[in-house]
Amino acid sequence: MRHFVRFAMSLPEAAVLMKTECLCVNRIGYVPHEVIDNLNSDDDFNISRDQNFFAISLGGGCICWELAKRPVSYVMPTPTDDSQSPAVVSIVKLPDVPGQASLAACSRNGTLWYWDNITFAEEPTKTYKIPLAGGDTIMTIQHCDPVGFVICTAQLNFFRATWSHNSSLNIAPMVKQGGLLKNILSVYSRGNDSSVKRSNYPVCIVSGSHRDGRHTRTIYIVTQETIQVWSLHRNMAENFIADFEIQTLIQASLLRDIENAQGIVVRILDAVYYTGTSLLLLVGFSDGYSNFHYCSILIDFNSVSNSAKILEKVIFQYTTKGLERARFEISADHSLVYVQFNSCLIVLNFDKENQFEEYIFLRRELEDSILGCLMISAPYWRPNFEKSIAAAIICKKSGVLSLDVNSDYVHKYLMNSEKKNREANAYSALEQAVFFSHQNENPIRFNLEIFENEMNFAIQALSSDVLHSRAQYLHKAMGLRYQLEEKVHILSSIPEILQADLMTKLPSSVQLNLYSDLVLAASALALFNFHSVSSFNTDSVLISLDDIINQAVNQDSISSQELLKCFYLEKADSLPELLASILKTEKTLDVYHFKFASTICELNKVILVIFKCILHYEVEMLHFYTNETAVAIWTSI
């Protein structure tokens, strides 16, 4: 059944949710409302994504939609069994039919429904029955272009589906060398075989390299304990290459890295093809206590010696109380890896010595979740950087987000010192929170707690940049009054964004500096409003306010108009010099001049405007910064 998607959020499409030198997150699409309405946080579901199509299988059927075509989704029925578990699904494509997405959906008991074309067929094109041994169930399906798709069961029996000349499917067991009859019989005799350990369940099927002009493909069947390597030919029988034991290898490697380990529990969560004969594994492991850690492991396989070797291992900073479901994605040039958790996405390079690691958190963890991640290219998104690597993040409630990574910045980041990178990351995270978290529908959570040690530097640097109009996300094309109001709004929002926990950890001197920047910006705005309506610059006074400002700024080389703009936007910290200039001017005026009284009156109005602003903010805002009683530091003249 075809449906038009009802939009789930009020946040406009293409809204910028987060932007740094390194990455940019935009909203580029929507998730069908059928997913939002029917998927609960504790529901079991299966996901497949390929060719910019996304399919999610729930208990009541499968919902498919194309990322490039926002308005349309397709709700397909799926086969069911007594367990009521959602069907296992895979988006596939027919050979020699580019751009056409097909769908395979299989119940746990082996009933397979197949659609030639998702966009046209409402009922399955063909129905098949996979011969399972007693007690066995279907666990996963993986499309392996162009050699068909592979089906894996809980008892590690494998089936291959290929297309015949009339586009029907041929489904047969995958057999190792040793005789066809022997292997077919083994499929039915392993139902209660104790050699198939319950802990050694299948994780995923990974498509590897092509050979023979794309007619042959290597695949890796990853389980919790082993990895089987097969070679599949488009028109010939499959060839089993080797079976590698990896559980013990990974466990021994992790034990060398963890001090005082009480016994590590290792779980393989996902895998992607890297290059040559190598796979990148996503591994979760406990430290013998209550925490689970995660790492990526690059492992290479030598079929001649039948051995596996760990080439590289990178342990993430991310930890959880329990083991989370996680998925892998890798960029086409293998420079970046994307690790998808329920409410967090990690972007990292694969280099233990020069590690780059960026985190994107969802704000509403209980309501929202990341369903999947896949690499995308134009025209589905517009690059934000000259050299971009882009992925789509599909979220349950937040829609489809594009994550655009600046590959030039990643290289620059790796060349910097660790301290410089930490300070830059802290500044960037704070900048994102200050400029983007005010959007109520923004699904991104800006995690500032991890930069507690660098917050003194970051908060003072950002506050100063806002005060002096250097911050990159200020609206500098707007009118002068708007720009001044924006700066006051941003600086006054900092205590709320940092929240009490982080604010109280800042030294009193830092808190007073932040408060001082706020009052300087607010005083500049108050003075600008007074300046716009006062009669200070008429013929009734001996000296104009423009002249007073010029004395404070001391910029003779620019025009009067540019001088005022420079003072209000960039030189608000010259207000102490302005007050000093006023006091000095009052002492030098000719008391017998007929304009003396009006000049003194106007000069005093300027002082009153500034001090009324100071006192207002001392009453309204000072308690957010410190318990100390203090008029702004800069007024001690």
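Caption draft 1: View of the packing of aromatic side chains. Applying the stated criterion to the full structure yields 18 aromatic pairs. Here Tyr294 and Tyr318 contribute two aromatic rings whose centre-to-centre distance is 6.1 Å and whose plane-to-plane angle is 40 degrees, an arrangement assigned as tilted. Here Tyr294 is found in strand S22 (residues 292-302), whereas its partner Tyr318 is found in strand S23 (residues 307-320), with 24 residues between them in sequence. The class for Tyr294 is buried, based on a relative accessible area of 0%. Taken together, the ring pairs in this structure connect Tyr294, Tyr318, Phe341, Tyr359 and Phe361 into an aromatic cluster.

Caption draft 2: Broad picture of the pairing of strand S27 (residues 357-362). Of all six residues in S27, six are buried; the element is thus mostly enclosed. Of the two faces of S27, the one lined by Glu357, Tyr359 and Phe361 and the one lined by Glu358, Ile360 and Leu362 are each fully buried. In the sheet, strand S26 (residues 344-348) pairs with S27 via five bridges, with the strands oriented antiparallel. Directly across from Leu348, in S27, lies its bridge partner Glu357. Note that S27 and strand S31 (residues 444-445) share two bridges and pair antiparallel. Its bridge partner being in S31, Leu362 is matched across the sheet by Ile444.

Caption draft 3: Broad picture of the packing of helix H11 (residues 575-588) against helix H12 (residues 596-620). H12 packs onto H11 with a crossing angle of 155 degrees between their chain directions and a minimal axis gap of 11 Å. Put simply, H11 runs roughly antiparallel to H12. Where H11 crosses over H12, the two elements pack in a sense that is left-handed. Residue-level inspection shows Leu575, Leu578, Leu579, Ile582, Leu583, Thr585 and Glu586 of H11 in contact with H12, the latter providing Ile600, Leu603, Asn604, Val606, Ile607, Ile610 and Phe611. Along the lines of polarity and charge, the residues of the contact of H11 with H12 split into eleven nonpolar, two polar and one charged.

Caption draft 4: Summary view of the packing of helix H8 (residues 508-533) against H11. Across the interface, H8 lies against H11 with an axial gap of 11 Å and an inter-helix angle of 50 degrees. As far as their axial angle goes, H11 and H8 are oblique. Contact residues: Leu520, Ser523, Ala524 and Leu527 in H8; Leu575, Pro576 and Leu578 in H11. Of the residues that constitute the contact of H8 with H11, the class distribution is six nonpolar, one polar and no charged.

Caption draft 5: Quick look at unusual backbone geometry. We note that Leu156 has phi near 60 degrees; this positive angle belongs to a residue other than glycine. Structurally, Leu156 is set in the loop between strand S13 (149-153) and strand S14 (158-163). A residue is classified by how much of its surface remains accessible, and Leu156, at 9% relative accessible area, is buried. Located in the positive-phi region is His334, a residue other than glycine, with phi close to 65 degrees. For His334, the position within the fold is in the loop between strand S24 (327-330) and strand S25 (337-340). Its relative accessible area of 24% is what places His334 among the partly exposed residues.

Caption draft 6: Quick look at the sheet that holds strand S30 (residues 399-406). Read from one edge to the other, the open sheet built from five strands follows the order S2-S3-S30-S29-S28, with strand pairing classed as antiparallel. Looking along the sheet, the strands with just one partner apiece sit at the ends: strand S2 (16-19) and strand S28 (370-375). The sheet shows a mean angle of 20 degrees between the axes of neighbouring strands, taken without regard to direction. In the sheet, S28 pairs with strand S29 (residues 388-395) via five bridges, with the strands oriented antiparallel. The residue bridging Met375 from the neighbouring strand is Ala391, located in S29.

Rules used in this analysis
- Residues numbered from 1 in each chain as written.
- Predicted model: local features only at pLDDT ≥ 70, side-chain atom pairs only at ≥ 80, totals over all residues.
- Heavy atoms only, no water.
- Phe/Tyr/Trp six-rings, centres within 6.5 Å; stacked < 30°, edge-to-face > 60°.
- Helix = DSSP H or I, 4+ residues; strand = E, 2+ residues; numbered from the N terminus.
- Buried < 20%, exposed > 50% of the residue type's maximum accessible area, 1.4 Å probe, protein only.
- Pairing = 2+ DSSP bridges.
- Axes fitted to C-alpha atoms, helices over the stretch in contact; angles between N-to-C directions.
- Parallel < 35°, antiparallel > 145°, perpendicular 65-115°, else oblique.
- Left-handed = near helix turned anticlockwise from the far one by under 90°.
- Contact = heavy atoms within 4.5 Å.
- Nonpolar A, V, L, I, M, F, W, Y, C, P; charged D, E, K, R; others polar.

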